[in-house]
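# Observations on the model geometry
Read off the chains here:
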Amino acid sequence: MKSYDVVVIGSGPGGYVAAIRCAQLGMKTAIIEKYPTLGGTCLNVGCIPSKALLSSSHHYEEATKHFADHGIDIPGDIKVNLEKMIGRKQAVVDQTTGGINFLMKKNNIDVFEGVGSFKDKTHIAIEGKDAQEIEAKNTIIATGSKPSNLPFIELDKERIITSTEALKLKEVPKHMIVIGGGVIGLELGQVYYRLGAEVTVIEYMDRILPTMDAGLSKELNKVFKKAKCNMMMSHKVQSVERKGDEVIVKAENKKGEVVEFKGDYCLVSVGRRPFTDGLNAEAAGVKINDRGQVEVNEHLQTSTSNIYAIGDCVRGAMLAHKAEEEGVFVAETLAGQKPHIDYNLIPGVVYTWPEVAAVGKTEEELKADNIEYKVGQFPFRALGRARASGDIDGFVKILADKTTDEVLGVHMIGARCADLIAEAVTAMEFRASAEDISRYSHAHPTFAEAIKEAALAATDDRALHV
Ligand code: FAD
């Protein structure tokens, strides 16, 4: 029987990063993945394919709607070749997952294909292609998550679909009904409205992106409305029914009236649930809580001391970079180091255009915690760089402690915010004040100048360009 210092179950961004860091630190490491390709949700059916389609559909939108403004005339009709677009997405996925195989080899990590399930706290049975039993001194559970559903919806995966199917449709829907105005629903909703589908977003709460700063929700809602999407807030979906190629969704509005929506596709994007099916956690004494998450302490250790769990299958934000941080954290803990993760500084990003990104506390949270704060906000429209490229929607908002000026939260919507948020994370990691940010140089002309200007606005209203 093969024996390892560490066995990682699941090869998503949590699992494969944990395995690499364990190997770097000199531990004999193996990884078990039930699918033939490595990379988990993120690389196969999540972050990477969705960004590939967002990029392709963005190019299409630019070509059809904005090239002419730049003096670029394209003779004839511009058409979408969806098969080719989906094919390109798959090529990006294949290249990226192939890269993980390379990294496993490079780091001498043994890869087993099959479902890993505990026999006891140091033995794992693998069922599938590489069926066998292996011994693990320590195990890291990184089994991730699956799309959630509402109990009364029957997903047929053809017309009533999850994000996984939405990434490989064979036609552009005529009318896509998106249930859930969260990150995944909005990103995929934007892909398909750009490609020509009518899109209706039905959200139970009174705004899209309900966990983010309300100002960001409002601004992105405007963008979707401008694109003629039907944004139905405060609607509680009651039923989803398929009749032939038609999907009928009924939802109750605030007045208690039942409203009917008819489309040809319904994307159910109501969140994700932790996935531990087939793991046989009980055999190792690993507790799963009533939310389906693997229960962990502050060291990400489960109820069994030599077994750890990370990523989407434990508490906290379901994000690839959070899973990666946790993977490194556990590897370094096993090596006797004392790593640290500041969960307050894990940024959240929505890759629509304009992009939405945030880190730290929202105004809503600061108010709830009775923390006095100042606000500095700056619109992208006032930046030369934004006008030059035509990306004028959005703003940067900095929240700083009223007394100490320490930056407590940064919320932004606009071009390239997914990348710009890294500056805010860095500043907050080093506990910068708004004045600190306002005093270092930002290249001109860049979108990043909005961060400096927002910091100037937060410190005695000193923004220069509004
Ligand atoms: P996963 O990536 O889910 O990987 C778990 C792996 O474990 C899977 O490969 C699974 O097959 C395997 N597994 C499970 N059980 C077993 C078993 N018993 N034996 C063997 N293998 C097993 N996050 C971002 O940060 N940015 C984004 O832009 C982003 N976009 C997304 C877009 C979409 C459409 C979706 C669905 C998700 C997106 N996410 C994004 C979320 C991100 O994909 C997850 O947070 C991330 O993949 C979690 O990583 P993980 O390692 O915990 O689990």
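Residues numbered from 1 in each chain as written. Predicted model: local features only at pLDDT ≥ 70, side-chain atom pairs only at ≥ 80, totals over all residues.

The line we're drawing: UniProt positions are given in the numbering used here, feature names are shortened, and annotations may be inferred rather than shown by experiment.
As recorded in an unreviewed UniProt entry, the protein chain goes by Dihydrolipoyl dehydrogenase and comes from Winogradskyella litorisediminis. You can read under Catalytic activity (unreviewed entry) in the UniProt record for the protein chain the words "N(6)-[(R)-dihydrolipoyl]-L-lysyl-[protein] + NAD(+) = N(6)-[(R)-lipoyl]-L-lysyl-[protein] + NADH + H(+)". The Sequence similarities (unreviewed entry) comment attached to the protein chain in UniProt states, word for word, "Belongs to the class-I pyridine nucleotide-disulfide oxidoreductase family."

### Here's the deal with the sheet that holds strand β21 (residues 395–401)
The cut-off we apply is this: Two strands qualify as a pair provided that DSSP identifies no fewer than 2 bridges between them. Only DSSP runs of H or I reaching four residues or more are called helices, and only runs of E reaching two or more are called strands; each is numbered from the N terminus. With axes taken as lines fitted to C-alpha atoms, and helix axes fitted only over the stretch in contact, angles between N-to-C directions fall between 0 and 180 degrees.
Reading across the sheet, the 5 strands line up as β18-β19-β22-β21-β20 and stay open at both edges, with antiparallel pairing between neighbours. Each edge of the sheet is formed by a strand with only one pairing partner; in this case those strands are β18 (348–350) and β20 (373–379). Taken over all neighbouring pairs, the strand axes of this sheet differ in orientation by 10 degrees on average, direction set aside. Where β21 meets strand β22 (residues 407–414), 6 bridges bridge the pair, whose relative direction is antiparallel.

### As for the UniProt feature "domain: Pyridine nucleotide-disulphide oxidoreductase dimerisation" (unreviewed entry) in the protein chain
Feature annotation in UniProt places "domain: Pyridine nucleotide-disulphide oxidoreductase dimerisation" (unreviewed entry) on residues 346–455, given in this structure's numbering. Structurally, residues 346–455 is divided into 35% helix and 28% strand, and its ends, taken at the C-alpha atoms, are 20 Å apart.

### A few points about the UniProt feature "domain: FAD/NAD(P)-binding" (unreviewed entry) in the protein chain
On the UniProt side, "domain: FAD/NAD(P)-binding" (unreviewed entry) is annotated at positions that read residues 4–327 here. Taken end to end, residues 4–327 comprises 31% helix and 26% strand; its first and last C-alpha atoms sit 17 Å apart.

### Quick word on the pairing of strand β1 (residues 3–9)
Heads up, the condition is: Neighbour counting defines burial: a residue surrounded by 20 or more other C-beta atoms within 10 Å of its own C-beta is buried, one with 12 or fewer is exposed, and intermediate counts give partly exposed, using backbone-placed C-beta atoms. Viewed with both strands pointing away, a crossover whose connecting path from the first strand over the helix to the second turns clockwise is right-handed.
Counting buried positions along β1 yields 5 of 7 residues, so the element is predominantly enclosed. This β-α-β element, β1 to helix α1 (residues 13–24) to strand β2 (residues 29–33), shows right-handed connectivity.

### Here we look at unusual backbone geometry
Cis geometry is adopted by the peptide bond preceding P354, which originates at W353 and carries an omega value of 5 degrees. As for its placement among the helices and strands, P354 is situated in the loop between β18 and β19 (355–360). Here the bond from H444 into P445 is cis, since omega is -5 degrees, no more than 30 degrees from zero. Mapping P445 onto the fold places it in the loop between α12 (434–439) and α13 (449–458). If you check the backbone angles, N370 has positive phi at about 55 degrees while not being a glycine. Residues other than glycine seldom take positive phi values, yet D405 does so here, at roughly 75 degrees. Inspection of the secondary structure assignment puts D405 in the loop between β21 and β22. Of the residues examined, D405 has 18 C-beta atoms within 10 Å and is grouped as partly exposed.

### Here's the deal with the site of the ligand
Which entries qualify depends on this criterion: A molecule or strand has a residue near it when that residue's C-beta atom, placed from backbone coordinates, lies within 6 Å of it. Here the term charged refers only to Asp, Glu, Lys and Arg, the term nonpolar to Ala, Val, Leu, Ile, Met, Phe, Trp, Tyr, Cys and Pro, and the term polar to all other amino acids, Gly among them.
Close contacts around the ligand come from 36 residues, with G10, G12, G40, G144 and G311 the closest. If you list the elements that add at least two residues to the shell around the ligand, you get α1, β2, α2 (40–45), α3 (47–66), β4 (115–120) and α8 (320–334). Classifying every residue of the shell around the ligand by side-chain character gives 16 nonpolar, 17 polar and 3 charged.

### Quick look at the sheet that holds strand β12 (residues 236–243)
Read from one edge of the open sheet, 3 strands run β12-β13-β14, paired in antiparallel fashion. Across the chains shown, the open sheet's two edge strands, defined by having one partner strand only, are β12 and β14 (258–263). Each neighbouring strand pair of the sheet contributes to a mean axis angle of 20 degrees, computed without reference to strand direction. Pairing analysis gives 6 bridges linking strand β13 (residues 246–252) to β14, with the strands arranged antiparallel. The residue bridging A251 from the neighbouring strand is V259, located in β14.

### Some details on helix α4 (residues 82–106)
So the rule is basically this: To estimate the expected span of a helix, subtract one from its residue number and multiply by 1.5 Å. Throughout, a residue-residue contact means that the two C-beta atoms, derived from backbone geometry, are no farther apart than 7 Å.
Taking 1.5 Å as the rise per residue, α4 with 25 residues should run 36 Å; its terminal C-alpha atoms sit 36 Å apart, in good agreement. The set of residues buried in α4 consists of M85, K89, V93, T97, I100 and M104. Of the surrounding elements, those touching the buried residues of α4 are α1, β2, α2, α3 and β3 (110–113). Taken from the residues just after α4, N108 is the one with a positive phi, measuring 55 degrees.

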